[in-house]
Amino acid sequence: MRQLALSALLALTLWLPGAVAARELTEAEGEIVTQAFTLSLEARELYYAGRFAEAEATYRKVYALNSQLSENELSLASTLHNIAAAVAGQGRLLEAEEDARRALQLRIDHGGVDFVVISSSALLATILGDLNEYTEARILMQEAVELTLSSSDADQSELIKHVTVLAYYTAQDGYVQEGIAILNQIVPMLADIPQTDGVRLLNALGRLSSLNGQPQQAETYYREALNRQTAFDPSPDWSTRDMATVLGNLASILRDQGRIAEAQALFLQADAMLVKAGVLATETRATILDGLGETLRATGDLHFAFDVQRQSLSIRQAVFPAGHLKTGISFSNLGLTLLQGGQLTEATQALEKAVAIQRQNGDANRFSKAALNLSAAHAATGDFDTATALAAEAQSALAAILPPDHPDLTKATFNRAWLHLGAGENDIAADLADQGMQAFLANRWQMGAENTTGVSELRDTRRQVLASVVANWETNREAGMDAAFQAAQWAQASKAAHVAQRVAARFASGDGALAELARAKQNLVNRWRATDAHYLALLAKAPPGDPRIATLKTQMATLSAQIAEADAALARDYPEFAQLTQPQTVSVSQIQAGLAPGEAFLMPITTPDETYVFAITSDTATWAKSAMAEREMVTQIRQLRADLDPNGPARGAVALDDNFAADGAPAFDGDAAYALYQALVAPVADDLAAAETVYVVKEGPVSGVPLAVLLETPTDLYDATVEEFQAAPWLIRRYGFSTVPSAAAFLAQRGSEPARAATVTLAGFADPDFQGNDEAETPSMAALFTRNGAVAENVRGLARLPGTRREVVGLAKALDTPVDQLALGTDATEAAVKSSAALRDARIAVFATHGLVAGELSGLSEPALAFTAPDQPDAEDDGLLTASEASRLDLVADWVVLSACNTAASDGTPGGEGLSGLASAFLFAGAQSLLVSHWPVRDDAAAQLTVEALTAHAETPDIAKAQNLRRAMLSMIDNGDIPDHAHPSVWAPFVVVGSD
């Protein structure tokens, strides 16, 4: 979505008597002049106080007085200019445009000095820009800049103001690179210009970086602008609307990356700022409300979302002429909210208006997106004939303007497949899904693209490719299993791609041949996205046959080919790096070849309507469908997690209470555990009958719970005794489970060997010097992942984990490792981890600290481990070891233990992408296997489970590590001597990650 338009340059001009003063005034005329001047001063004060309606009324009195004087055209022009500014301030842009045009023409016709002509040109340009009339706005602003440069009394601040707006309008008019070139001319001035000009320039840099496909760079600029503008109050040079615009621009970037909580807070802050200042019926506020509505819809707060989006629509209907494209955007967003809320009639009506507006505006790209949304509404009402016809029209419109493998065209193809599946026309759906997959695979580099890909795109990719899974099930169940299996892997890759992106970025910022190649690919991807943005903008503005369209199309094809060549070079020269950062799929037969007798591979994949489960052994392969939809899966796992996490829903670990163990075993939702077994394992149980160790790829909600706690038969454990918990048919009694990040990672790790022999038994990091109390919650993840100077302070405020010291010290004693070789308390720092020689050569590495899961910020924020924060944080040590930083470690560890992690979101929703991301990073760094906790672990249970599992593998290396953990769990269930030892919250927190 486009960024917020710069608010109007409401530069007022103080009324002076002008030409009328050149002649002798009568006493009556002199009195009029005095009254007009006095009122002008009052109006000016009202305007700069944000009281636009009162300012307008006062300026109209000035105009009435001026009209009584002859030969007074320039004074009338000045007053009209000010009226236009006040009217625009109230959002009545069409009226403002008319007054601004009259003012400019009067000044030109009657010899206005350069300054006032510049001011009127800039005001009219900005009003036109807010009306999306970018071509005329660009031309007018260019004239204003040229006049400013040639004027003998040019003002530097005015020049900066006009140049930043010109750069933005140039980019919005389809000339993105030219806009950047304009802005780059004043970037060297940033260190020396006043604060308000610096904020204006930073905001402009952010907007053009976003248009150029560089959201991370845009975020950096917006945050710096936000930091700077907090140092001063609103003023004529940088108004409340300007300040709110910076907040809204940053919020939009974060929303598109999936960082919903942080985006929502910023949108709310921006709207509150506007309301307090009385800036109500303006496009600036409409855009803020629209963005807020989208974040609310993403969180499921549909009532609030509807309210704010309805306000946005009302403002735009009042501000813009009928049929304006921004009004169409509001109708579309409102329709999607109504559709998600099940209000199908109202949703269809709103979306029909959006389609009509975009069709009328002649923008094929916007029309197609609106039409696809409307087709979904028709499908929801059961009108599949209308839905499929409209979707076909949308795809045809896109095919006429886009390259054959463009992502938007691919998305439209998959959408048509879903609609035909809903209509029961499975053969047509299968053909469309196959077309979509072929186009998707031609551009699959976008899945591994650096941080230009937002999480919203990745989530949409998952939904798209799942159409191939469903279509193969419906039309080609047996022969289509392999195609469905690989499509399901692409769906899973889209969920974890953000971690791969950050790893790629981390390597690209380094030195050496790998860094150079990774950086080259990153630059190519950014150039492709910038060219694509330029191309789409041009399609909406340029006349038919404009040669730039064909040129850009050719450039995109060339860049795609160069990206494919870069991917091939990475895969050839750095296969391990390519495995982690470039999504790959493997076939069923390849998985079979990698399995030994007694092993099985299990991969469930959830869709909005059902769940599919793939089960593979060395000599069998099958897939099945269960009726549990994704939403029900989330509900069931959330209920189960509530009984497993001793601290309830929390983000990251909190301090555990030594008195957690109560006089009776906690309850356990046996119904949920059995329902999940029925959905995830029972459909393929016969095929797993001979397996002892099962390797599981888990994504989405399934990644938030260990399969060991599922129940094979219905069992009531609500008020159960220890003996009943012991006797329960836990799935751990049948299988040992090991989680693997992906099917491709499973095979890749099977063929890997440590780079060298381990020479150190144990390296441990525990009980960092956090200063929060036992009740302290993990700070806002939004704050933690801004990666600025506030990070260390937020990390420092985490809850203490004294039990982790006991856990690691106990493990050290069991392994005959001197305690003084551990990094504990203030010594447990990120810098110590990165520089530790013991860690580099350790057989077992333990990180007993907060594991932070990005959750709702999963898009481009990273999961991380928290350590003692330094007094002077820097890039090497800010207290957070992120997944991409962990990937740069050099390990040979047989085991890496991540204790005190948590894989649930802040509302208890099961997550796990953080677990998967950290695990993938440590595996890439050289670890053979990981032992990771799903929820905070009691230190008495952690010590027993980890010591038994780790030491058992050293004694019996030929036995799968999953079996070592399984035996430790069963020993605790059956023979434990600690309170509640048979409850799964005590024995089941750990999972093995890896293929060993």
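Residues numbered from 1 in each chain as written. Predicted model: local features only at pLDDT ≥ 70, side-chain atom pairs only at ≥ 80, totals over all residues. Heavy atoms only, no water.

- Going by an unreviewed UniProt entry, the chain carries the name CHAT domain-containing protein and comes from Shimia abyssi.

A word on the pairing of strand β12 (residues 930-933)
Thinking step 1. Burial along β12 is two-sided: Leu930 and Val932 and Leu931 and Ser933, pointing in opposite directions, are all buried.
Thinking step 2. Looking at chain direction, β12 and strand β13 (residues 990-993) are connected through four bridges and run antiparallel. Counterpart to serine 933 in the pairing with β13 is phenylalanine 990. (Buried < 20%, exposed > 50% of the residue type's maximum accessible area, 1.4 Å probe, protein only. Helix = DSSP H or I, 4+ residues; strand = E, 2+ residues; numbered from the N terminus. Pairing = 2+ DSSP bridges.)

Topic: the pattern of salt bridges
Thinking step 1. In the structure shown here, the tally under the stated rule is 41 salt bridges.
Thinking step 2. Across the pair glutamate 876 and lysine 834 runs a salt bridge whose closest N-O atoms are separated by 3.8 Å. Pair noted here: glutamate 876 is in the loop between β9 (864-866) and β10 (880-882) and lysine 834 is in helix α34 (residues 830-835), with a separation of 42 residues, a long-range link.
Thinking step 3. Here glutamate 876 falls in the exposed class, since its relative accessible area comes to 53%.
Thinking step 4. For lysine 834, a relative accessible area of 29% puts it in the partly exposed group. (Salt bridge = Lys/Arg side-chain N within 4 Å of Asp/Glu carboxyl O.)

A short note on the environment of histidine 534
Thinking step 1. Within the fold, histidine 534 resides in helix α23 (residues 513-541).
Thinking step 2. For the pair histidine 534 and isoleucine 549, spaced 15 residues apart in sequence, the C-alpha separation works out to 9.3 Å.
Thinking step 3. Setting aside anything within four residues of it in sequence, one finds histidine 534 in contact with Gly174, Tyr175, Val176, Glu178 and Leu552. (Contact = heavy atoms within 4.5 Å.)

Structural notes on the packing of aromatic side chains
Thinking step 1. Throughout the structure, instances matching the rule amount to 19 aromatic pairs.
Thinking step 2. Between the aromatic rings of tryptophan 473 and tryptophan 623, the centroid separation amounts to 4.9 Å while the plane-to-plane angle is 90°, which identifies the pairing as edge-to-face. Of this pair, tryptophan 473 sits in helix α21 (residues 455-475) while tryptophan 623 sits in strand β3 (residues 621-626), and the two are 150 residues apart along the sequence.
Thinking step 3. Look at tyrosine 735 and phenylalanine 737: their rings are 5.8 Å apart centre to centre, the planes differ by 65°, and that puts the pair in the edge-to-face class.
Thinking step 4. Classification of phenylalanine 737 by relative accessible area gives buried; the value is 13%.
Thinking step 5. Members of the aromatic cluster, each reached through a chain of ring pairs, are Trp473, Phe485, Phe601, Tyr612, Phe614, Trp623, Tyr695 and Phe746. (Phe/Tyr/Trp six-rings, centres within 6.5 Å; stacked < 30°, edge-to-face > 60°.)

Some points on the packing of helix α3 (residues 73-89) against helix α5 (residues 114-130)
Thinking step 1. Where α3 contacts α5, the two axes come as close as 11 Å, and the packing angle between them is 25°. One way to sum up the angle between α3 and α5 is to call them roughly parallel. For the pair α3 and α5, the sense of crossing is left-handed. Residues His81, Ala84, Ala85 and Ala88 of α3 touch α5, and the partners they reach there are Ser119, Ser120, Leu123 and Ile127.
Thinking step 2. When the residues that make up the contact of α3 with α5 are grouped by side-chain class, the tally is five nonpolar, three polar and no charged. (Axes fitted to C-alpha atoms, helices over the stretch in contact; angles between N-to-C directions. Parallel < 35°, antiparallel > 145°, perpendicular 65-115°, else oblique. Left-handed = near helix turned anticlockwise from the far one by under 90°. Nonpolar A, V, L, I, M, F, W, Y, C, P; charged D, E, K, R; others polar.)

So, the pairing of strand β2 (residues 611-617)
Thinking step 1. Among the seven residues in β2, seven count as buried, and that is most of the element.
Thinking step 2. Bridging between strand β1 (residues 599-606) and β2 involves seven bridges; their strand directions are antiparallel. Note on β2: the bridge partner recorded for threonine 606 is threonine 611.
Thinking step 3. In textbook terms, the turn of a hairpin is the stretch between consecutive antiparallel strands, and for β1 and β2 this stretch comprises four residues.
Thinking step 4. The sheet contact formed by β2 and β3 spans six bridges and is antiparallel. When the sheet's bridge partners are listed, valine 613 is paired in β3 with alanine 624.
Thinking step 5. If you look at the hairpin formed by β2 and β3, you'll find three residues sitting between the two strands.

Some thoughts on the nonpolar core
Thinking step 1. Core analysis: the biggest nonpolar cluster contains 85 residues, and Ile127, Met141 and Leu183 have the highest contact counts within it.
Thinking step 2. If near-sequence neighbours (up to four positions away) are discounted, isoleucine 127 is found in contact with Ala88, Leu93, Ala96, Glu97 and Ala100.
Thinking step 3. By size, the runner-up hydrophobic cluster in this structure holds 75 residues, among which are Ile637, Val681, Tyr735 and Met969. (Core = buried A, V, L, I, M, F, W, Y, C linked by side-chain atoms within 4.5 Å.)

Notes on helix α15 (residues 325-340)
Thinking step 1. The end-to-end C-alpha separation of α15 is 23 Å, in line with the 22 Å expected for 16 residues at 1.5 Å each.
Thinking step 2. Taken across its 16 residues, α15 has 14 buried, putting it largely inside the fold.
Thinking step 3. Looking at the residues trailing α15, positive phi occurs at glycine 342, about 80°. (Expected span 1.5 Å × (residues − 1).)

Some words on the environment of proline 234
Thinking step 1. Assignment of secondary structure puts proline 234 in the loop between α10 (215-229) and α11 (240-256).
Thinking step 2. Accessibility expressed as a relative area gives 45% for proline 234, which makes it partly exposed.
Thinking step 3. Separated by 185 residues in the primary sequence, proline 234 and alanine 49 place their C-alpha atoms 9.4 Å from one another.
Thinking step 4. In this structure proline 234 touches Ser239, Thr240 and Met243, once residues within four positions along its chain are discounted.

A short note on the side chain of glutamine 309
Thinking step 1. In this structure, glutamine 309 sits in helix α14 (residues 302-319).
Thinking step 2. Excluding residues that lie within four positions of it along the chain, glutamine 309 makes contacts with Asp290, Gly293, Glu294, Arg297, Asn333, Leu334 and Thr337.

Considerations on unusual backbone geometry
Thinking step 1. Positive phi values are uncommon outside glycine, yet glutamate 71 reaches one of about 50°.
Thinking step 2. When you line up the elements, glutamate 71 lands in the loop between α2 (52-66) and α3.
Thinking step 3. Phi at aspartate 980 takes a positive value of approximately 60°, unusual for a residue other than glycine.
Thinking step 4. Take aspartate 980: it is sitting in the loop between α39 (961-975) and α40 (984-987).

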